[in-house]
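# Reading the structure
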Amino acid sequence: MRPSEFSFEKAAFYLTCASVVSIIFSIAVSNILLTLAFAALLISNQRMRFPPFLLPLAVFFVGTVISLLVSVDPSGGRPQVRKFFVYLVVLVVYSTIRRLVQVRAVLLIATGIMTFSALWSLVQFAHKWMAARDLGRDFYTYYMGERITGFMSHWMTLGGQEMIITLMAGSLLLFSAERRWKPWIGAALAMIAVSILVGFTRSIWFGTFLGCVYLLWFWKRWVLALVPIPILLLLLLNPFDVRERVSSVFHPHGDTDSNEFRVICRRAGLRMIADHPWFGLGPEQVKAQLLNYIPADVPRPLPSGWYGHLHNIYLHYAAERGIPTMLALMWMLGKMLYDFLRALGRCGPEDQEARAILRGAVAVMIGMLLVGYFELNLGDSEVLILFLSVMTCGYIAADSVAAGVIE
């Protein structure tokens, strides 16, 4: 191998790693680094690889393009086609990162950066708490409209990233044989968990909880019997009105945290799907036409909430791009889950590192699918890039198991 060729391979690797971890604080920086990583990969002549979900992804892409072409506003939907650029992260991660020790290093660095984002979010929370007090406002009502965001621009984006990192790092903590970094990663997870708690995003709570239940079930099942204890203590002590946020699932505080707008969005989405089952309304048309599909029996003014999407990936993609394209997306996610579970079934006692990464990937998938019922989480580029990166890491671990490589 020529020296210049070797340097471009190394450059592609480091740029890829930097792109993955920088998405936690800047999508612009991450995209620039992703472009540079892809360019370095092309110049290096290194063999490119793509995980075995290329076919369903291609079907999803083709379905999106067809939906765009038959929509009433093709030019308005082009941002959704341009968003496919982020899937380059799968190509560069799978092509440049080959060893489990490299995967672990990227995940640990990402956890470290996520910890600083969580720390900053707690500073934001303290400022909001004091601001509500100084204004003489009820904190719960004051806070719900403008919650902590960390290094991101929205609390859902922060929560989605925190859930992914929590489950991946938590899996390494429970299942990895490497112990040197476990004390500090435990402290990092505690910081991130507090940030998730005071983020007041219920779907993130539920998704993270269910992913953690999966991890604990395969670690030490008896620990699950202890899980209700901290939850009951939390509800009893009720720090920062957490109990009110939990109870709002069943008893909303008027219009402050009502779920009624989500119900309305879903009813509108079902009407969209009924009218356009094959190709949907077209990319970006759900946002443009949603108000036109709200049933006539819904009283005006509408409840407070965001009416820019359907707050449900299953309904949203079916309404926007058609049922077949939505099923292609589910095919892709289902194939990832199947491949990881299959690889876990083949793990031997010596495959501890691979098992840790695969367990984390499955837990993330569980969390993402649950949160996706309540939010358009896969439509958020910052969350999508991180999600695709850890799914690709799952495939690297699966390859390690298939090859019988022990690290």
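As a starting point, this report considers the structure included with it. (Residues numbered from 1 in each chain as written. Predicted model: local features only at pLDDT ≥ 70, side-chain atom pairs only at ≥ 80, totals over all residues. Heavy atoms only, no water.)

### Regarding a nonpolar patch on the surface
A surface patch of nonpolar side chains, amounting to about 610 Å² of accessible area, comprises F25, V29, F116, L119, W120, V123 and F151. Looking at which element gives the most residues to the nonpolar patch, the answer is helix α6 (residues 100-135), with four residues. Inspection of the secondary structure puts F25 in the loop between α1 (3-22) and α2 (27-44). Accessibility expressed as a relative area gives 39% for F25, which makes it partly exposed. (Patch = residues over 30% accessible without salt bridge, like charges linked within 9 Å, V, L, I, M, F, W, Y side chains within 5 Å. Areas by Shrake-Rupley, 256 points an atom, 1.4 Å probe, with all protein chains shown as cover. Salt bridge = Lys/Arg side-chain N within 4 Å of Asp/Glu carboxyl O. Helix = DSSP H or I, 4+ residues; strand = E, 2+ residues; numbered from the N terminus. Buried < 20%, exposed > 50% of the residue type's maximum accessible area, 1.4 Å probe, protein only.)

### Notes on the pattern of salt bridges
Taken as a whole and assessed by the stated rule, the structure comprises eight salt bridges. Measuring nitrogen to oxygen at the nearest pair gives 3.0 Å for the salt bridge that ties R104 to E353. In this pair, R104 is assigned in helix α6 and E353 in helix α17 (residues 352-371), connecting sequence segments 249 residues apart. Here R104 and E353 have matching classes, each one buried. A salt bridge links E178 to R180; its shortest N-O distance comes to 2.7 Å. You can call R180 exposed: its relative accessible area is 69%.

### Digging into the packing of aromatic side chains
Applying the stated criterion across every chain, the model contains 20 aromatic pairs. Judged by centre distance (5.4 Å) and plane angle (80 degrees), the rings of F125 and F139 are edge-to-face. Residue F125 is located in helix α6, and its partner F139 is located in helix α7 (residues 139-144); the two are separated by 14 residues in the primary sequence. You can call F125 buried: its relative accessible area is 5%. Members of the aromatic cluster, each reached through a chain of ring pairs, are F125, W129, F139, Y140, Y143, F200, W205 and F240. The lysine or arginine in question, R266, covers the ring of Y373, its NZ or CZ lying 4.8 Å from the ring centre. (Phe/Tyr/Trp six-rings, centres within 6.5 Å; stacked < 30°, edge-to-face > 60°. Lys NZ or Arg CZ within 6 Å of the ring centre and 35° of its normal.)

### Re unusual backbone geometry
With an omega of 0 degrees, the peptide bond between R300 and P301 qualifies as cis. Here P301 lies in the loop between α14 (285-289) and α15 (313-321). Phi at F200 is positive, roughly 60 degrees, even though this residue is not glycine. The backbone phi angle of H311 is positive, close to 55 degrees, even though this residue is not glycine. With respect to the helices and strands, H311 occurs in the loop between α14 and α15.

### A word on the side chain of R359
As for its position among the elements, R359 is in helix α17. The charged side chain of R359 is buried without a salt bridge, its nearest counter-charge being D351 at 11 Å. Reaching out from R359, the side chain makes a polar contact with the side chain of Y214 at a distance of 2.9 Å. For R359, the residues in contact, after removing those within four places along its chain, are S171, F175, Y214, L215, F218 and L344. (Lys, Arg positive; Asp, Glu negative; His and termini not counted. Polar contact = N/O pair within 3.5 Å; in protein donor to acceptor, adjacent residues only side chain to side chain. Contact = heavy atoms within 4.5 Å.)

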